[in-house]
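An overview of the molecular structure
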Amino acid sequence: MVKKHSDPRAAAALALTAVIKHHRSLNAVLPETASSLAATQQALCQQLIYGTLRHYYSLSGLAEKLLQKPLKAKDQDLHQLLLIGLYQLREMRKPVHASISETVNATKALTKPWAKGLINACLREYQRHRDTFDQALTQTPTGLHEHPDWLVTQVRHDWPEDWQSILEANNQHAPMFLRVNLQRCSRQQYLDLLHQDNRQAEPLANCAAGIRLSQPCDVRLLPNFDAGWVSVQDGAAQQVIELLDLHVGHVVLDACAAPGGKTAHMLEHQPEIDLLALDIESTRLQRVDDSLKRLGLTAKTLTADAASPEAWWHGNAFDRILIDAPCTGSGVIRRHPDIKFLRKPADIPSLAAQQAYLLDKLWPLLKRGGRMVYTTCSIFTAENAHQIEAFLARHPDASLIKADQPPGRETPFGYQRLPGDDAFDGFFYACLQRS
Ligand SMILES: C[S@@+](CC[C@H](N)C(=O)[O-])C[C@H]1O[C@@H](n2cnc3c(N)ncnc32)[C@H](O)[C@@H]1O
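Definitions and cut-offs
Residues numbered from 1 in each chain as written. Predicted model: local features only at pLDDT ≥ 70, side-chain atom pairs only at ≥ 80, totals over all residues. UniProt positions renumbered as here; feature names shortened; annotations may be inferred. Helix = DSSP H or I, 4+ residues; strand = E, 2+ residues; numbered from the N terminus. Rg over C-alpha atoms; globule rule 2.2 N^0.38 Å. Buried ≥ 20, exposed ≤ 12 C-beta atoms within 10 Å, placed from the backbone. Contact = placed C-beta atoms within 7 Å. Expected span 1.5 Å × (residues − 1). Near = placed C-beta within 6 Å. Nonpolar A, V, L, I, M, F, W, Y, C, P; charged D, E, K, R; others polar. pLDDT = per-residue confidence, 0-100. Pairing = 2+ DSSP bridges. Axes fitted to C-alpha atoms, helices over the stretch in contact; angles between N-to-C directions. Core = buried A, V, L, I, M, F, W, Y, C linked by C-beta atoms within 7 Å. Parallel < 35°, antiparallel > 145°, perpendicular 65-115°, else oblique. Left-handed = near helix turned anticlockwise from the far one by under 90°.

Per an unreviewed UniProt entry, the protein chain goes by the name 16S rRNA (cytosine(967)-C(5))-methyltransferase and belongs to Methylophaga frappieri. Listed under Sequence similarities (unreviewed entry) in UniProt, the entry text for the protein chain is "Belongs to the class I-like SAM-binding methyltransferase superfamily. RsmB/NOP family." Recorded under Catalytic activity (unreviewed entry), the UniProt text for the protein chain is reproduced unchanged: "cytidine(967) in 16S rRNA + S-adenosyl-L-methionine = 5-methylcytidine(967) in 16S rRNA + S-adenosyl-L-homocysteine + H(+)".

This is the structure we're talking about:
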């Protein structure tokens, strides 16, 4: 558990320690961190956490140069606090004096006031000679790319022509995209509401219900959010709906449904389907139920292992199956910079094996003539085009369907979006038909 703190820098240092040292995901850590802070401090704390993770490798390089000897393992929180201080000096437009003194004060909140002098000296030393320090940094590959070496090598291997722009896109802030619940209002009506609220927003050309906000904001400030008029969803995820080609009366399986973005989108797009939404994790499935309730939609939801249909399948074949598979998340690093620290190379073959197993176990549940859509938020070919190539080789009754409007770059075995294409997340789509 992240300890309670009222100091946003100390809270951010503890959250970073939880990710870097204890390998916990930000999704798990952030709610604990937020609950330890006053509402007015939460945005700054979150900004410090995300910003420091995005620039972690260059900030660590600086810290190494500034500290005479590394801090002890038990003082990892201080190491993170130093990085947070450096991040503020390098990337945030805040007065230098306040940035330094507030970071130094956070040592008290961490109950390590003895480190005041050390943090103060390092930050002041950096500030005095920042040009020299910064120049030395940009010459190192990790300082340049802000990714671990194995990840740079993997991206470079899979995308020899695009690897640099992918790494660059991973370090950017992602825009905020909305999906209008067309069962509640039209996209134009919702755009009008946003404009009345003085929020700049524009429709997405390639998503019928999609909107891009010029400035991200707290969802609670969006008009009629609680009444279910709108949800937050990246444009890449919104493009899955067209591939499913849903019609009235279809029997549909959403095999890996939580937290339910695509489950809800299916029902908003075509409410007259018979939809079963599964997820293996009950706490995550609860989020699907909550979201359907907010949006005024209904589906059958079930905690189950999709790869063990003998435990839950009623025996009626499905017209449509969506496998939005568990994956490395290598396409969404800009939204989840902790992925750079939590993933390891062995995760790729292990997840690819899980994905292949899900595909094989669910394929017989599809009607002849039915469609299976396989998606990941990964950019690794082992989880995407190679996965589908191998699947087609194992299943002679499967063929790829071409999309009327390709949702991404065409590969021989599906469509791939790279992070930042159309400002969307990295994503993979394959649409398979059973003959
Ligand atoms: C990429 S997320 C799905 C996102 C979701 N489709 C959406 O649009 O919000 C993958 C989900 O698969 C679930 N999962 C992993 N293995 C599973 C399995 N064998 N059966 C069912 N769900 C599984 C995970 O718990 C996770 O919630």
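Still to come is the rest of the account.
A count of helical and extended segments in the protein chain gives 19 helices and 13 strands. Taken against the 2.2 N^0.38 rule, which gives 22 Å for 435 residues, the C-alpha radius of gyration of the protein chain at 23 Å falls within 12% of a compact globule. Over its C-alpha atoms, taken along the principal directions, the protein chain stretches across nearly 70 × 50 × 40 Å. Counting all 435 residues of the protein chain, 43% fall into the buried class. Long-range pairs, those at least 24 residues apart, make up 71% of the contacts in the protein chain between residues at least 6 apart in sequence.

A word on helix α3 (residues 39-54). Here α3 spans 24 Å end to end across 16 residues, near enough to the 22 Å set by a 1.5 Å rise per residue. Of all the positions in α3, only Cys45, Leu48, Ile49, Tyr50, Gly51, Thr52, Leu53 and Arg54 are classed as buried. Those residues of α3 hidden inside the fold are in contact with α1 (8-20), α2 (26-35), α4 (56-66) and α5 (76-91).

Let us look at the UniProt feature "active site" (unreviewed entry) in the protein chain. According to UniProt, the "active site" (unreviewed entry) feature falls on Cys377. Each residue touching Cys377, except ones within four places of it in the same chain, is listed here: Cys327, Gly329, Gly331, Val332, Asp425, Gly426 and Phe427.

With that settled, the discussion passes to the UniProt feature "domain: SAM-dependent MTase RsmB/NOP-type" (unreviewed entry) in the protein chain. As recorded in UniProt, the feature "domain: SAM-dependent MTase RsmB/NOP-type" (unreviewed entry) lies at residues 166-435. Helix and strand shares over residues 166-435 are 29% and 24% respectively, and the end C-alpha atoms of the span are 37 Å apart.

Take helix α6 (residues 96-109) next. Given a rise of 1.5 Å per residue, 14 residues ought to cover 20 Å, and the 21 Å separating the end C-alpha atoms of α6 matches this to within 8%. At the exit of α6 stands Thr111, carrying a positive phi of roughly 55 degrees.

What follows is about the site of the ligand. Close to the ligand lie 20 residues, the nearest being Cys256, Gly261, Lys262, Ala306 and Asp324. Every element with two or more residues in the shell around the ligand is listed here: α15 (261-269) and β6 (274-279). A per-class count over the shell around the ligand returns twelve nonpolar, two polar and six charged.

Detail in the predicted coordinates should be disregarded across regions flagged by low pLDDT. Overall, the predicted model of the protein chain reaches an average pLDDT of 95, with 99% of residues at or above 70. Among the scores for the predicted complex, ipTM is 0.99 and pTM is 0.95.

On to the sheet that holds strand β2 (residues 201-203). Pairing in this open sheet of four strands is antiparallel, and the strands run β2-β3-β1-β4 from one edge to the other. Every other strand in the sheet has two partners, leaving β2 and β4 (230-232) as the edge strands with one partner each. Pairwise comparison of adjacent strand axes, ignoring direction, gives a mean angle of 30 degrees for this sheet. Bridging between β2 and strand β3 (residues 210-213) involves three bridges; their strand directions are antiparallel.

Time to look at the nonpolar core. With 65 residues, the main nonpolar core has Leu244, Ala255, Ile321, Ile323, Val373, Tyr374 and Tyr429 as its most contacted residues. Broken down by element, this core gets its largest block of residues, six residues, from strand β13 (residues 427-434). In this structure Tyr374 touches Ile323, Ala325, Leu359, Ile388, Ala430 and Leu432, once residues within four positions along its chain are discounted. Listed in part, the 38 residues of the second largest apolar core include Ala13, Tyr56, Tyr87 and Tyr126.

Our focus in this paragraph is the packing of α1 against α5. For the pair α1 and α5, the least separation of the axes is 8 Å and the interaxial angle reads 120 degrees. Regarding the angle of α1 to α5, the classification is oblique. Read as a crossing pair, α1 and α5 show a hand that is right-handed. Between α1 and α5, the contacting residues are Arg9, Ala12, Ala13, Leu14, Leu16 and Thr17 on the first element and Gln76, Asp77, Gln80, Leu81 and Ile84 on the second.

Here Leu137 shows up in helix α8 (residues 130-138). Along the sequence, Leu137 and Lys112 sit 25 residues apart, while their C-alpha atoms lie 29 Å from each other.

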